[in-house]
Every structure is written in C-alpha cells, then in structure tokens.
Amino acid sequence: MPAVQSGWQGAGARPCRMTLRLSFSAPMTLPAKQAIWRVLVTGGAGFIGSRLVQRIGLEWPNADVTVIDDFRSGSFKNLEGFQGEVVAADLAQLRLEDVLQAKDFDAIFHLASITDTREMDQRKMCWDNIESFRRLLEFARPRLIPVTYASSAATYGIDARVNNETDPRKPANVYGFSKVQLENLAAKYLRQSDLAGWKLNAVRYFNVYGPHEQHKGAMASMIYQLYLQMKQGKRPRVFKNGEHKRDFVHVDDAVQCTMLAMASSKQGVFNTGSGEARTFNEVIAALNKALGTKLEPEYIDNPYAFFQPFTQADLARSNRELGYEPQHNLESGISSYVTWLEQQPQGKQS
Ligand SMILES: NC(=O)c1ccc[n+]([C@@H]2O[C@H](COP(=O)([O-])OP(=O)(O)OC[C@H]3O[C@@H](n4cnc5c(N)ncnc54)[C@H](O)[C@@H]3O)[C@@H](O)[C@H]2O)c1
C-alpha cells in the first residue's frame, strides 16, 4: 500500500482499523486533498452516488474509486470522465469477495437502492435493498471498513412536523420500510461486542434535487419536473393550492453531509436536508426568477390520501456532531441548478 501523503488520519492508519477510528480528532475531518484512499461507492451511476463520485474525483485526485451499480435506475452518462473501475452487478446477488478480493477499501458509501417509491412488490423492495446491505456489511466486516449508507426521510412517514433522528419511524410505504430495516441491521451488527466501534453511519436524505438526476424520469425531484414544464412554456402543475411544504436539499449539500458522516468520529443516523420547509409555490417563484419567466401555477386536485403535507429536517444533530451546514437555500440552489441545466447540450436536460 502506498504511503499516505497527507494528514487524513483516516487513510493511513491501517492495518489497525481500531487505531484508525480512534485517531479522528475532530468530528468533521475530511481527508486532505493529496490523501491516497480507496473508496467503494455503490449506486455510483445514480443521482447522488455519481455526484459523490464526481466530487471525490475533483477534490481528491489520488483517490482510487470503485463503483458498483447494476444500472437498473442509474445511467452511464453520470459517470462521464470517471477514471475508476466499474463493477456492473446486482448487489443483492453478488458475493463481493468474488470481484473485489484484491481490494481493501478505506471507506464505503452505500447508495444503491431501489429508489422508485411506487414499487409495490414488497418482497422485491425488501430483498433487493436489505440483502444488498447485508452482503455489503459482511464484506466490510472483517476489516471494519467504515460504511456510510443512504437512509431516507421516508422512515418518518407522513408525520407532519420537524423531524429529528429520535422521532418514531413510521414508514408509509415499503420503500421507507426497507430503509428502516437497513438502520435496524446496522444497529444489530453494532450490538455485537467484537464489532463495537465499527462506524456504520446513516444519512437520512430529505428531498434531494440538482445535477445528475435527469435519468430518474418520474422519480426525479419536483423541482426538475416543474423546470421541464416551464421550459416548454407550460404552466407548472402542482396540487392545490401549492402550499404543501418540503425540505428540498441541493445534491451538493447532501454529498457534503455524506462525506462528513464518513469522516466523523460520531456514530449513528444523521438527517440530511436543508433544514427549511418550503412550499411548491415558492419553488415555482424561484424557477420563474431563474428562468426569467412569469408562469402562474396551475392547481390540480390531489388524488393521494396519504400525500405528505410537510417535511423538514431538524439539523441540530448533523450540525453539532458532523459540522454540517447546508450551503444552499431554495433560491440559491435552484438558481445554480438552472444555470447548470441551461449549460447542458440540447436534449441532455431531459
Ligand atoms: N434522491 C432523493 O431525494 C433521496 C431521498 C432519500 C433517500 N435517497 C436514497 O439515496 C440513494 C441514492 O438515490 P438516488 O436519488 O441517487 O437514486 P438513483 O436511482 O439515481 O440511484 C440509485 C442507484 O443504485 C443502483 N442500484 C439499485 N439497486 C441496485 C442493486 N441491487 N445493485 C447494484 N446497483 C443498484 C441504481 O442502478 C442506481 O444507479 C438511495 O439509497 C435512495 O434510497 C434519495
């Protein structure tokens, strides 16, 4: 293994991982820019995963990144310029040791998941999401590789309030249920005395939007859906009366929180949002401003009995324990996202 060139205590301390974990001095120490570290990103062809891969490539030129993705909902286009290795495989079927036995990772980011929340096949949702995570944990376990994994605000269900991490988990769909099982599985591993101190951190993402989500189609953020309508000169359609509120978080903030959760000495589950609840009317106003349009919303009936009226992340814990502070509010996030979208070649915006 090459010598570590820098001060990220996380990257150079192996083979003694206990030393590695305990050597973190600050709760928010990211690797130094020249650090040589080996990273596995599952779901790396997807929206958030590919933005994470891109950030690592830009900021840590010596990082050796491996992506595992079976491309069921990701796109190779998100990995344009990626220099690392791609393993195209279904994690729920894979023995990771068979394809990665030569590797030894410093950090694992687990973002692969069925993300279509309309998937009604409960067995498939649970098998694919839970089994993928179980196999990954078994792979990471002998070396106690830190794993940072994606959970979701869907674990809170439709409880309309500012949620903090200690609130009861009441998922309203099987997608949210599968994420609760990931958190339970991680907690079960951590109760084993020989694994105490292994770092398995969950980031509970709220409504993420931003570059690299175009491939998601109907599952892309409402911000992107409304942008597409308005680009075509159509009035943006939202449920009556546009006053439902969401915690919309820019993908770069979500990635930052994910990185901080990986580097932190803290253990647990961390809300990953903007910390603000904003209405769909406000989204449309920000899009109008960014696009230079004056399109009025068209309000339509809401057919869903269980539509979430409100989501908002309480960020106190993520702020205190990770040092996470979102850099974008809704207006600045939409403005920079629209700038990015407008720079895409024709046809790549959708
Ligand atoms: N985007 C959001 O607003 C949001 C909110 C809450 C949680 N999350 C979570 O964040 C993570 C990333 O979501 P995203 O928005 O980037 O979605 P995405 O669909 O763009 O990315 C998921 C990626 O995982 C891959 N994948 C799925 N199952 C796999 C399997 N069994 N084996 C290998 N690859 C597999 C897909 O091909 C895809 O590339 C997911 O875990 C998701 O549940 C996202």
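Here, every reference points to the structure presented above.
Below is a short write-up of the structure.

About the cut-offs
Residues numbered from 1 in each chain as written. Predicted model: local features only at pLDDT ≥ 70, side-chain atom pairs only at ≥ 80, totals over all residues. Helix = DSSP H or I, 4+ residues; strand = E, 2+ residues; numbered from the N terminus. Buried ≥ 20, exposed ≤ 12 C-beta atoms within 10 Å, placed from the backbone. Contact = placed C-beta atoms within 7 Å. Near = placed C-beta within 6 Å. Nonpolar A, V, L, I, M, F, W, Y, C, P; charged D, E, K, R; others polar. Pairing = 2+ DSSP bridges. Right-handed = clockwise from strand over helix to strand, strands pointing away. Axes fitted to C-alpha atoms, helices over the stretch in contact; angles between N-to-C directions. Core = buried A, V, L, I, M, F, W, Y, C linked by C-beta atoms within 7 Å. Parallel < 35°, antiparallel > 145°, perpendicular 65-115°, else oblique. Left-handed = near helix turned anticlockwise from the far one by under 90°. Expected span 1.5 Å × (residues − 1). Arc of directions from axis to C-beta.

### Here's the deal with the overall build of the chain
Turning to step 1, where the next piece is worked out: A count of helices and strands for the chain gives eleven helices and 15 strands.
Turning to step 2, where the next piece is worked out: Relative to its full complement of 350 residues, the chain shows a buried share of 45%.
Turning to step 3, where the next piece is worked out: For the chain, contacts bridging at least 24 residues in sequence account for 77% of all contacts bridging at least 6.

### Considering the site of the ligand
Turning to step 1, where the next piece is worked out: Around the ligand there are 29 residues in total, and Gly-43, Gly-46, Phe-47, Gly-74 and Ser-113 lie nearest to it.
Turning to step 2, where the next piece is worked out: When residues in the shell around the ligand are grouped by element, the largest group, three residues, is from helix α3 (residues 47–59).
Turning to step 3, where the next piece is worked out: A breakdown of the residues in the shell around the ligand according to their chemical character gives 13 nonpolar, ten polar and six charged.

### Section: the pairing of strand β1 (residues 38–42)
Turning to step 1, where the next piece is worked out: For β1, a buried count of four out of five residues is recorded, marking the element as mostly surrounded by other parts of the structure.
Turning to step 2, where the next piece is worked out: Relative to strand β2 (residues 64–68), β1 runs parallel, the two sharing five bridges. Bridging across to β2, Val-39 finds its partner in Val-65.
Turning to step 3, where the next piece is worked out: Considered for its hand, the β-α-β crossover made up of β1, α3 and β2 is right-handed.

### Concerning the sheet that holds strand β4 (residues 107–110)
Turning to step 1, where the next piece is worked out: Here seven strands make up an open sheet; going across it, the order is β3-β2-β1-β4-β5-β7-β12 and the pairing parallel. In this open sheet, the two strands that pair with only one neighbour each are β3 (85–87) and β12 (269–272). Here the strands of the sheet are splayed against their neighbours by 20° on average, with no regard to which way each runs.
Turning to step 2, where the next piece is worked out: The pairing of strand β7 (residues 200–205) with β12 spans four bridges and is parallel. Within the sheet, the bridge partner assigned to Arg-204 lies in β12 and is Asn-271.

### Observations concerning the nonpolar core
Turning to step 1, where the next piece is worked out: Grouped together as the largest cluster of nonpolar side chains are 85 residues, with contacts concentrated most on Val-39, Val-41, Ile-108 and Leu-136.
Turning to step 2, where the next piece is worked out: Here the element with the most residues in this core is helix α8 (residues 251–263); it accounts for nine residues.

### Observations regarding the packing of helix α5 (residues 122–140) against helix α6 (residues 174–190)
Turning to step 1, where the next piece is worked out: Running from amino to carboxyl end, α5 crosses α6 at an angle of 25°, the nearest separation of the two axes being 9 Å. It follows from the interaxial angle that α5 and α6 lie roughly parallel. Here α5 runs over α6; the crossing is right-handed. Side by side, α5 and α6 meet where Gln-122, Met-125, Cys-126, Asn-129, Ile-130, Phe-133, Arg-134 and Leu-137 of the first sit next to Val-174, Tyr-175, Ser-178, Gln-181, Leu-182, Leu-185 and Tyr-189 of the second.
Turning to step 2, where the next piece is worked out: A class-by-class count of the residues in the contact of α5 with α6 yields ten nonpolar, four polar and one charged.

### Examining helix α9 (residues 280–291)
Turning to step 1, where the next piece is worked out: Along its twelve residues, α9 runs 16 Å from first to last C-alpha, staying within 8% of the 16 Å computed at 1.5 Å per residue.
Turning to step 2, where the next piece is worked out: Every buried residue of α9 is accounted for by Phe-280, Val-283, Ile-284, Ala-286 and Leu-287. End-on, the buried residues of α9 take up no more than an arc of 165°, which puts them together on one face.
Turning to step 3, where the next piece is worked out: The elements touched by buried residues of α9 are α7 (222–231), β9 (237–239), β13 (278–279) and α11 (330–343).

### Some details on the packing of α9 against α11
Turning to step 1, where the next piece is worked out: Between α9 and α11, the shortest axis-to-axis distance is 9 Å and the interhelical angle comes to 45°. As summarised for this structure, α9 and α11 are arranged oblique, according to the angle between their axes. As for the relative orientation of α9 and α11, their crossing is right-handed in sense. On α11, the residues that touch Glu-282, Val-283, Ala-286, Leu-287, Ala-290 and Leu-291 of α9 are Leu-330, Glu-331, Ile-334, Ser-335 and Val-338.
Turning to step 2, where the next piece is worked out: The residue inventory of the contact of α9 with α11, partitioned by class, reads eight nonpolar, one polar and two charged.

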